[in-house]
Amino acid sequence: MSSNDANLLNTANSWVREGRKVALATVIETWGSAPQPVGSQLVIDGDGNFEGSVSGGCVEGAVVTEAQDAIETGKGKVLAFGVADETAWEVGLACGGKIRVYVEPVTGA
Amino acid sequence: MDISVLETLQKARADRLAVAVVTDIASGAQEVVAQRYADEHALADALENGFRFDKSGVVSTDTAEFFIHIHNPALRLVIVGAVHIAQAIVPMAKAAGYDITVIDPRGAFATEDRFPGVALHADWPDEVLPEIGLDARTGFLALTHDPKVDDPALVAALQSDCFYIGALGSRRTQTARTERLKQAGVEPSRICGPVGLDIGARGAPEIAIAIMAEMTKALRLGLDT
C-alpha cells in the first residue's frame, strides 16, 4: 500500500465527516496490460467528485456513474471493463487490458 | 465498506501494522484480518501469500468469491546524509509513496529549509536507528561519504530486514568500506555500491533516478534478477 492509497483513505474519511455520501471503487482483477494494479482505488462522492484512479482515465467516468448508483442503493457491485466487452467501444481500455472493479458505498457514518 | 473498516485501516497504517480487508464479493460482507492472525483464517494460504508478496487479488472457494485487499505498512526510506543527492531523491521517493526520514548529525545539513516536510533527525544514526526500526518495508541509503557517520549506520542496516541498502561512493571507496565492515564483523555483500543502476547518471537528479530505479527493482523483482 502506498501513501497515495493512504491519502485516499483519508480523503474518503474526511468526505464522510463533511456529511458527503461516499463510495469506493477498487480494482480487484486485471488481465493483460491494465494500467493500474489490483488494489488501486477511486473515492467518489454523491455529486460525482472523485480522487484516485482505477484505470489511468479510461473508464473512470463509467465507474463514477455506477458509484453514484451504489450510493443510492446502498449495495456493492462488480463492474467489468475490457476490449471483449460490448461497452468497450464507449468506455474501453485503449491499452487492450481487462479489469474488474468492485464498487461499494461507505456506510454507517 | 463500513466507516469502521476505513478507520481501522487508517489506524493500522499509523501503527505500521499489516492488515487485509477480505470482501465477500456477492454479499459485500467484509472483515479486517491482521497479518499475525492470518494463519488462523479460512483463507490462510492466500492471505499469507498476499502479505508476503504485497499482492491483492480474488480467491474463489467452492461457495464464494473473495477479494483480499492487502494493506502492508507504507514503504519507508531512511537516508543517512542530508546532502544534495538526498534533496534530489526526496521528491521522487515521495511520489513513489515512501515515508521519508533523513538523518545527519551535522545540524547545518539537516534543516527544515533544505528538507521541507521530511522527518529530520540532527543526530548520530546509531542513536536514532534503533528507535526508528528498519523493517522489511524499509529501504536504506548512506550518502554522507564519511565513514564516521555511514559505517555505524550501515552496520545497523545490515543487521536489519530492510529490503534495500545503498551506499554512495566510488568503487575504491566501496572496496575500502567493504574491508572496514568485514573487520567490524558484518557481512557487507548486501550493500549496493556504487549505488544506483548503471545508466550513466550525471549530477544529483540523474543519480537520484538511478538510485530510485535500483531500489524499485529490489522491491519488486529482487536484485538477483
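Rules used in this analysis
Residues numbered from 1 in each chain as written. Chains lettered and ligands numbered in written order. Predicted model: local features only at pLDDT ≥ 70, side-chain atom pairs only at ≥ 80, totals over all residues. Heavy atoms only, no water. Helix = DSSP H or I, 4+ residues; strand = E, 2+ residues; numbered from the N terminus. Buried < 20%, exposed > 50% of the residue type's maximum accessible area, 1.4 Å probe, protein only. Contact = heavy atoms within 4.5 Å. Areas by Shrake-Rupley, 256 points an atom, 1.4 Å probe, with all protein chains shown as cover. Lys, Arg positive; Asp, Glu negative; His and termini not counted. Charge placed at Lys NZ, Arg CZ, Asp CG, Glu CD. Domains from an automatic or database assignment. Arc of directions from axis to C-beta. Axes fitted to C-alpha atoms, helices over the stretch in contact; angles between N-to-C directions. Parallel < 35°, antiparallel > 145°, perpendicular 65-115°, else oblique. Left-handed = near helix turned anticlockwise from the far one by under 90°. Nonpolar A, V, L, I, M, F, W, Y, C, P; charged D, E, K, R; others polar. 1 Å grid on protein atoms, 1.4 Å probe; cavity = no way out; pocket = protein on both sides within 12 Å on 5 of 7 lines; lining within 4 Å. Points joined across faces, edges and corners; volume = space filled by probe spheres on them. Pairing = 2+ DSSP bridges.

A. Representation of the overall build of chain B. Counting its regular elements, chain B contains 7 helices and 9 strands. With respect to the principal axes defined by its C-alpha atoms, chain B has extents near 60 × 35 × 35 Å. Expressed as a percentage of the 225 residues in chain B, the buried residues total 49%. Relative to all contacts within chain B whose residues are 6 or more apart in sequence, the contacts with residues 24 or more apart total 55%. For chain B, the accessible surface area stands at approximately 10,900 Å², while carbon and sulfur atoms represent 51% of it. Across chain B, the mean location of the 21 positive side-chain charges is 9 Å away from that of the 31 negative side-chain charges.

B. Representation of the domain arrangement of chain B within the structure. According to the domain assignment, chain B consists of domain 1 (3–71) and domain 2 (76–220). When each unit is reduced to the centre of its C-alpha atoms, the spacing between domain 1 of chain B and domain 2 of chain B is 32 Å.

C. Region of the structure containing helix H4 (residues 125–132) of chain B. Residues and elements named next belong to chain B. All of the buried residues along H4 are Pro125, Val128, Leu129 and Ile132. The buried residues of H4 occupy one face: seen down the axis, they fall within an arc of 105°. In this structure, H4 carries Glu127, Pro130 and Glu131 as exposed residues pointing more than 90 degrees from its buried face. In this structure, the buried side of H4 is in contact with strand E5 (76–80), strand E6 (99–103), strand E7 (119–121), strand E8 (138–142) and helix H5 (147–158). Two residues or fewer after H4 comes glycine 133, characterised by a positive phi angle close to 75°.

D. How the structure looks around the packing of H4 of chain B against H5 of chain B. Residues and elements named next belong to chain B. At a minimum axis separation of 9 Å, H4 and H5 run at an interaxial angle of 25°. In terms of axis orientation, H4 runs roughly parallel to H5. Every pair of crossing elements has a handedness; the one defined by H4 and H5 is right-handed. Counting all contacts with H4, which are made through Pro125, Asp126 and Leu129, the residues of H5 involved are Val149, Pro152, Ala153 and Ala156. Of the residues belonging to the contact of H4 with H5, the class tally is 6 nonpolar, no polar and 1 charged.

E. Structural context of the layout of surface pockets. All names here are of chain B. Computed from the structure, the second largest pocket encloses a volume of approximately 410 Å³. Lining the second largest pocket are 15 residues, and of these Arg52, Phe53, Asp54, Arg137 and Leu219 sit closest to its centre. Grouping the amino acids of the lining of the second largest pocket by side-chain chemistry returns 7 nonpolar, 3 polar and 5 charged. Two domains each donate at least three residues to the lining of the second largest pocket, and these are domain 1 (3–71) and domain 2 (76–220).

F. Local environment of empty space enclosed by the protein. For the structure shown, the criterion picks out 2 cavities of 30 Å³ or more. As a volume, the largest cavity reaches approximately 70 Å³. Secondary structure elements with two or more residues in the lining of the largest cavity: strand E5 (98–105) of chain A together with strand E1 (19–24) and strand E4 (65–71) of chain B. In terms of residue count, E4 of chain B provides more of the lining of the largest cavity than any other element does, 3 residues in total. Across the lining of the largest cavity, the residue classes tally to 5 nonpolar, 6 polar and 1 charged.

G. Broad picture of unusual backbone geometry. All names here are of chain B. Cis geometry marks the peptide bond from glycine 193 to proline 194; its omega dihedral reads -5°. Here proline 194 is to be found in the loop between helix H6 (171–183) and helix H7 (203–220). Unlike most non-glycine residues, arginine 16 shows phi in positive territory, near 50°. In this structure, arginine 16 sits in the loop between helix H1 (3–14) and E1. Of note in this structure, aspartate 54 is not a glycine but carries a positive phi near 55°. Looking at where aspartate 54 falls in the secondary structure, it is placed in the loop between helix H2 (44–53) and strand E3 (57–60).

H. A look at the pairing of E3 of chain B. Residues and elements named next belong to chain B. Inspection of the sheet shows E3 paired to E4 by 4 bridges, in the antiparallel sense. Within E4, the position partnered with valine 58 by the bridge is phenylalanine 67. From the end of E3 to the start of E4, which pair antiparallel, there are 4 residues.

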